[in-house]
Amino acid sequence: MTNLFIVIVVLIFAALIYGFYLMQKRHLKFSTRVFTALFVGILFGGILQAIFGTGSEVITQSLEWITMVGNGYVALLQMLIMPLVFVSIVGAFTKMKESEKIKKISFTVLATLLGTTAIAALIGIVMVMLFGLDGASFTEGAAETARIAELAERSTQVQDLSIPQQIVSFIPNNVFADLAGTRSTSTIGVVIFSAFVGIAYLGVKKKAPKEAQTFADLMDSLYKIVMRIVTLVLRLTPYGVLALMTNVLASSDFEAILNLGKFILASYAALIIVLLVHSLLLASVKVNPITYFKKAFPVLSFAFTSRSSAGALPLNIETQTKALGVDEATANFAGSFGLSIGQNGCAGVYPAMLATIVAPTVGINVFDWQFILLLVAVVTISSFGVAGVGGGATFASLIVLGSMNLPIAIVGLVISVEPLIDMARTLVNVSDSMVAGVVTSSRIHELDRATLESQTAVIDAD
């Protein structure tokens, strides 16, 4: 009987996949299909959970087939990270009209990303205090126990490294290995290598303009090819979202979610406040936050449903240039740097909250200003190298907790609600990179305010 139920569940899922294929054939808007997939995935997964219960053999074996679609989609997004980062950053150099602005662009983008990460960390700390979260009260089930064991093994990658050693580890000693993503800090390694390639291009441009132009044309062609590959992958988003959300709801322990309900509320409160900080930054350069969020909605909604900052990169850059009026060089810098540096949600709010939650269990007074300042500093520095697809928040948390000699078990205890929070975290990450682009473009006087204010200059994820 169990096998029959498994076949029925898989066939229903296949029928849902076919339904979204028909929606695509009828040219329904991309955003409509993605949000429909989100809703259907939640409904379908919730029904499976209600009928068969947590740990059911039917759910376990059915999800092996269902997650094949979701994990395949995530794997394709991960495949794109390194090519996207490389062509975007090098492309930023080749498209730059005035090479003298490179220092100001890079400094302002990095300052915005890291500054907002420090603020996000402080907000996370305050939210833990206001909500009275206590790591000792979090329950540990079978899934949490398994996750803690996995994290203990993974933490060996970072626990023996001091902060200076971690900074040195960002430097790529084998760029081909980093392009293959063999290190946890491979993304920042590719960012650094790409920046060197771009600087070298600017040097060649002065002495050998003909050869430099050939390279620029080559990069332009490569950029267009990579973007075309991205387009092909993004068309699979509704199917990936459907599978991922079905898996989240069908495999979630609702009792665990209720137990961590206060943590979810605190996390969302912190992330919403970070978005308000983004609004203040925009207002400081005379950009209407309402206009920004209206125009950024397609890419932010994509980030929320896909949980992928890297997957949102093409839409991120296009929205900046064609809807928000950001110059191409700044948009490429901000979008690419935002994948691996200063992610407000995954590398700012989240590790700061976990560290503050667990600190009292080892006798640390979280109201001590020295602890707060140290934690904010460690979180900000550790925000370098956070990858843009899955696992970034976990890795950032391990670095922060390890650097401050705090127990890492807390990361495993919140596994039940990780996907629910990760959606909002990713949205905040993408928003931060876009805000960095708008602020920087304004600071260098390249922001096209006519495009920014135009009601017709909008981007759809199609």
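Residues numbered from 1 in each chain as written. Predicted model: local features only at pLDDT ≥ 70, side-chain atom pairs only at ≥ 80, totals over all residues. Heavy atoms only, no water.

To continue, consider the environment of Val362. Here Val362 shows up in the loop between helix H16 (344–358) and helix H17 (369–382). Given the relative accessible area of 41%, Val362 is considered partly exposed. C-alpha separation for the pair Val362 and Leu406, spaced 44 residues apart in sequence, amounts to 7.5 Å. Contacts of Val362, omitting those with residues within four sequence positions, involve Leu406 and Pro407. (Helix = DSSP H or I, 4+ residues; strand = E, 2+ residues; numbered from the N terminus. Buried < 20%, exposed > 50% of the residue type's maximum accessible area, 1.4 Å probe, protein only. Contact = heavy atoms within 4.5 Å.)

So, on to a nonpolar patch on the surface. Among the surface-exposed residues, Met1, Leu4, Phe5, Ile8 and Ile12 lie close enough to one another that they form a single nonpolar patch of about 470 Å² accessible area. Accessibility expressed as a relative area gives 46% for Leu4, which makes it partly exposed. (Patch = residues over 30% accessible without salt bridge, like charges linked within 9 Å, V, L, I, M, F, W, Y side chains within 5 Å. Areas by Shrake-Rupley, 256 points an atom, 1.4 Å probe, with all protein chains shown as cover. Salt bridge = Lys/Arg side-chain N within 4 Å of Asp/Glu carboxyl O.)

Another point: the environment of Phe86. Note on placement: Phe86 falls in helix H3 (residues 57–94). The spacing of Phe86 and Leu179 is 93 residues in sequence and 8.9 Å in space, taken between C-alpha atoms. When sequence neighbours within four positions are dropped, the list of residues in contact with Phe86 reads Val190, Phe193, Ser194, Val197 and Met219.

Where two aromatic rings form a pair, the distance of their centres and the angle of their planes describe that pair. Applying the stated criterion across every chain, the model contains nine aromatic pairs. Residues Tyr292 and Phe293 carry aromatic rings whose centres are separated by 4.9 Å and whose planes lie at 70° to one another, so their mutual orientation is edge-to-face. By relative accessible area, Tyr292 is classed as buried at 0%. Counting every residue linked through ring pairs, the aromatic cluster contains Phe93, Phe333 and Phe337. One Lys or Arg, Arg425, reaches over the ring of Tyr350 and ends 4.2 Å from the middle of that ring. (Phe/Tyr/Trp six-rings, centres within 6.5 Å; stacked < 30°, edge-to-face > 60°. Lys NZ or Arg CZ within 6 Å of the ring centre and 35° of its normal.)

Turning our eyes to something else, we now look at the nonpolar core. Note that soluble globular proteins tend to have their nonpolar side chains buried in a common cluster. Among the nonpolar cores identified, the biggest contains 144 residues, and Phe263, Val299, Phe333, Phe337, Met353, Leu375 and Leu401 are the most heavily contacted of them. When residues of this core are assigned to their parent elements, the largest contribution, 17 residues, is made by H3. Setting aside residues no more than four positions away along its own chain, Phe333 makes contact with Ala92, Phe93, Met96, Ile102, Ile105 and Val109. (Core = buried A, V, L, I, M, F, W, Y, C linked by side-chain atoms within 4.5 Å.)

Turning our eyes to something else, we now look at the pattern of salt bridges. Tallied over the entire structure, the rule returns four salt bridges. One salt bridge in this structure joins Arg307 and Asp422, with 2.9 Å as the shortest N-O distance. Residue Arg307 is located in the loop between helix H13 (289–306) and helix H14 (313–322), and its partner Asp422 is located in helix H20 (residues 418–443); the two are separated by 115 residues in the primary sequence. In this structure Asp422 comes out as buried when scored by relative accessible area, which is 7%. With a shortest N-O distance of 2.8 Å, Arg425 and Asp422 are connected by a salt bridge. Taken together, the positions of Arg425 and Asp422, both in helix H20 and three residues apart, correspond to about one turn of that helix.

So, on to H17. Over its 14 residues, H17 extends 20 Å from the first C-alpha to the last, a length consistent with the 20 Å expected when each residue adds 1.5 Å. In this structure Asp368 caps H17, since a side-chain oxygen of it lies 3.0 Å from the backbone nitrogen of Gln370. (Expected span 1.5 Å × (residues − 1). Polar contact = N/O pair within 3.5 Å; in protein donor to acceptor, adjacent residues only side chain to side chain.)

Another point: the side chain of Thr356. Residue placement: Thr356 occurs in helix H16. Beyond its immediate chain neighbours, meaning those up to four positions away, Thr356 contacts Ile125, Val128, Val366, Phe371 and Leu375.

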